Each structure stands twice: as C-alpha cells, then as structure tokens.
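Residues per chain are reported as follows:
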Amino acid sequence: MIVRFFHHGDGSGRSAVDYLMAEEVPKFDENRNRIKGATVKRNPLPVCLDGDPDQMALLIDCDHRKWRYTSLVVAFAENDAPSDDEQREVIASFEAAAFADLAPDQSKTLWVRHTHMGNVELHCLVLRRELHNGRALNIAPPGTQRYFNAWRDYWNAKMGWADPEAVEHHRPLRDVIEGKDRKKLRDHINGLVIGEIEKGTITDHTDVRAYLRTLEEDGLEFKPLTEKQIARRKAKGQSLIHISEPTRLRRISY
C-alpha cells in the first residue's frame, strides 16, 4: 500500500469531484498525454465511501484562496485485496493521523473508491480550510512525506500488505512524463547515438558528448549543467546527459 499526494488543488472543486465520480474518463498514453477522442469506462464504477460529493464541490468552489483542496490516494497492490472493513479502518486511521488534535467537525473530506484498474484505490479530497474559523489547513506541507510514510509502513507491516520499499518493487528505470515533441527528439537522438555505438565510434561518455556536439549543425544548442545539477544527478545515479524542454531552438543539456 502506498500514499501519494497529487499536485492538484487550485482548480475547480466541481471538476475534481466529477472526475472522481465519473463513469467514463479521458484516456492517456504512457507519457500522460491525452489521446484525442479516446475514453476509458470505469468498471466497476466509483463508490463514494465517505463524504458528500456535492457539498465538497461547493465548499471548495466558495473558497477565495488559490489552494483550496488537497488531492491524494491510498493505493493497494492487487494482492493486498483489503476488505471493506479494512478499508474503512485505513480511512479512519489516516484521518486520525492527518487531523491530529482537531475535532471531527473541523475538517471535511471526500473518499471515493476506484477498483476498475484491478486494485483498490481510495481517492480523497481534503478541504484546505479549517471549518471553525476558516483558517488555511494543509495536511501535507513540504517535509511531511516521512510522516505519512511511517503511517504507511505501520499498516503494511500490520496487515502484510505490499511494501513499496521492498527490493522486488523497485523499478530499474524511472518513468519520464514528457511532451510529444520532446519524446520524438529524444528517441531520434538516442537512435543516432546507439547507431554510433554499434559502429564502434562511441565507446564512453566522452565520445557521447563529442558526438552530440556534432549535432549543433542541425540547430541543437548545448547548455552545460550547473555544479548543483551535476552533484544532484551523481548522487542519484542519473545520467549527466538529458534533453531540456523543447523551445523554439532545441536544446540538449549534458
């Protein structure tokens, strides 16, 4: 089981609620680009477990602040298969952790269950406003991920659910969400570099950088990484070559 907080929170409350409850939603490709005209039907349909969808949409949309709600999901592995009672226990436990020292009527949440992907996902919208005096209420400010990870680890250990930190669940490669133009450019350059490797003209990182410089004739501009970027990438074991977001003049950073 994992806990993931999304970056949404400054848009329409009605749109956020409708998306959670919708029977049919837009379809996206592996890079999260919307596929024009394609949709996915949720089967089984979403189930509202706790809260009032219409009330939540109204409370979010009447807030004058920019950040009006927090969006998150408590997602289980397919083999976890928590029972209805266990799901409600998890919801109650999460709220106890998120709203510690607050009265039950000081916060407002909406919990919606999705199972159409084969696993149980408990999606939640949290009003970013404390209801007694109207002050801002952010349950997940920067630095709190460790707190919620500890809560997650407790439940995974207690119930024997899948541990996302276990080696067997680590991914050898990280998915990258990118625009269509950037992906096309990256794939083309990768193909060129692989071709040179197969011919034996590229044997190490220095050769790669030298070869990329020859592509400047095609309108590519090299932008060196800063010392901080280099140190951060080395610490994470990442490549020192990447393609920046496409601009009117294509750029490659190395």
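Residues numbered from 1 in each chain as written. Predicted model: local features only at pLDDT ≥ 70, side-chain atom pairs only at ≥ 80, totals over all residues. Heavy atoms only, no water.

**Student:** Quick question: what am I supposed to make of the sheet that holds strand E4 (residues 47-50) here?
**Tutor:** Think of a sheet as strands paired side by side through backbone hydrogen bonds, with each pair either parallel or antiparallel. Judged by pairing direction, the sheet is antiparallel, and its 5 strands sit side by side in the order E1-E5-E7-E6-E4 without closing on themselves. Looking at the sheet topology across the chains shown, the edges are occupied by strand E1 (2-5) and E4. Pairs of neighbouring strands in the sheet enclose a mean axial angle of 25 degrees, with direction left out of account. For E4 and strand E6 (residues 109-114), the ladder comprises 3 bridges, and the chain directions are antiparallel. Within E6, the position partnered with Cys48 by the bridge is Val112. (Pairing = 2+ DSSP bridges. Helix = DSSP H or I, 4+ residues; strand = E, 2+ residues; numbered from the N terminus. Axes fitted to C-alpha atoms, helices over the stretch in contact; angles between N-to-C directions.)

**Student:** How do you make sense of unusual backbone geometry when you look at a structure like this?
**Tutor:** Most peptide bonds take the trans configuration, and most residues that are not glycine carry a negative phi. Cis geometry is adopted by the peptide bond preceding Pro44, which originates at Asn43 and carries an omega value of 5 degrees. Here Pro44 shows up in the loop between strand E3 (34-41) and E4. Despite not being glycine, Ala81 shows a phi value in the positive range, around 45 degrees. Within the fold, Ala81 resides in the loop between strand E5 (69-75) and helix H3 (84-98).

**Student:** Explain H3 here, please?
**Tutor:** Residues that lie three or four places apart on an α-helix share one face, since the helix turns once every 3.6 residues. Counted at 1.5 Å a residue, the expected span for H3 with its 15 residues is 21 Å, and the 21 Å between its end C-alpha atoms agrees. Those residues of H3 that fall on the buried side of the exposure criterion are Gln87, Val90, Ile91, Phe94, Ala97 and Ala98. In a view along the axis of H3, the buried residues occupy a sector of 130 degrees, so they form one face of it. For H3, exposure combined with an orientation more than 90 degrees from the buried face picks out Asp85 and Ala96. The elements touched by buried residues of H3 are E1, E4, E5, E6, strand E7 (121-127) and helix H4 (145-159). (Expected span 1.5 Å × (residues − 1). Buried < 20%, exposed > 50% of the residue type's maximum accessible area, 1.4 Å probe, protein only. Arc of directions from axis to C-beta. Contact = heavy atoms within 4.5 Å.)

**Student:** Can you help me understand the packing of aromatic side chains in this one?
**Tutor:** For any pair of aromatic rings, geometry is given as the distance between the ring centres together with the angle between the planes. Following the criterion strictly, the structure yields 8 aromatic pairs and no others. Here Phe94 and Trp151 contribute two aromatic rings whose centre-to-centre distance is 5.4 Å and whose plane-to-plane angle is 80 degrees, an arrangement assigned as edge-to-face. Within this pair, whereas Phe94 is found in helix H3, its partner Trp151 is found in helix H4, the two being separated by 57 residues in sequence. Each member of the pair, Phe94 as well as Trp151, is classed as buried. Members of the aromatic cluster, each reached through a chain of ring pairs, are Phe5, Phe94, Trp111, Tyr147, Phe148 and Trp151. Sitting over the ring of Tyr19, Arg42 keeps its end group 4.9 Å from the ring centre. One Lys or Arg, Lys158, reaches over the ring of Trp155 and ends 4.7 Å from the middle of that ring. (Phe/Tyr/Trp six-rings, centres within 6.5 Å; stacked < 30°, edge-to-face > 60°. Lys NZ or Arg CZ within 6 Å of the ring centre and 35° of its normal.)

**Student:** Help me out: how do you make sense of the side chain of His123 in this one?
**Tutor:** Summarising the element assignment, His123 is placed in strand E7. Taking the relative accessible area as the measure of exposure, His123 reaches 12% and is therefore buried. Within the structure, His123 has its side chain in polar contact with the side chain of Glu121 (distance 3.0 Å). Leave out the neighbours within four places in its chain, and His123 touches Phe6, Leu20, Leu72, Val73, Leu110, Trp111, Val112 and His114. (Polar contact = N/O pair within 3.5 Å; in protein donor to acceptor, adjacent residues only side chain to side chain.)

**Student:** Explain the nonpolar core to me, please; I cannot follow it from the model alone.
**Tutor:** Nonpolar side chains tend to gather and get buried jointly when the protein is soluble and globular. Core analysis: the largest hydrophobic core is formed by 24 residues, its most contacted members being Leu72, Val74, Phe94 and Trp111. Those elements that place two or more of their residues in this core are E1, E5, H3, E7 and H4. Sorting elements by how many residues they give to this core places H3 first, with 5 residues. (Core = buried A, V, L, I, M, F, W, Y, C linked by side-chain atoms within 4.5 Å.)

**Student:** Even after reading the chapter, I still don't get helix H2 (residues 53-61), so can you show me in this structure?
**Tutor:** Turning to H2, its buried residues are Pro53, Met56, Ala57, Leu59 and Ile60. End-on view of H2: buried residues confined to an arc of 165 degrees, all on one side of the axis. The outward face of H2, more than 90 degrees from its buried face, is lined by the exposed residues Asp54 and Leu58. Where H2 is buried, its residues meet helix H1 (13-21), E4, E5, E6 and E7. At the N-terminal boundary of H2, the capping side chain belongs to Asp52, with an oxygen 3.0 Å from the backbone nitrogen of Asp54.

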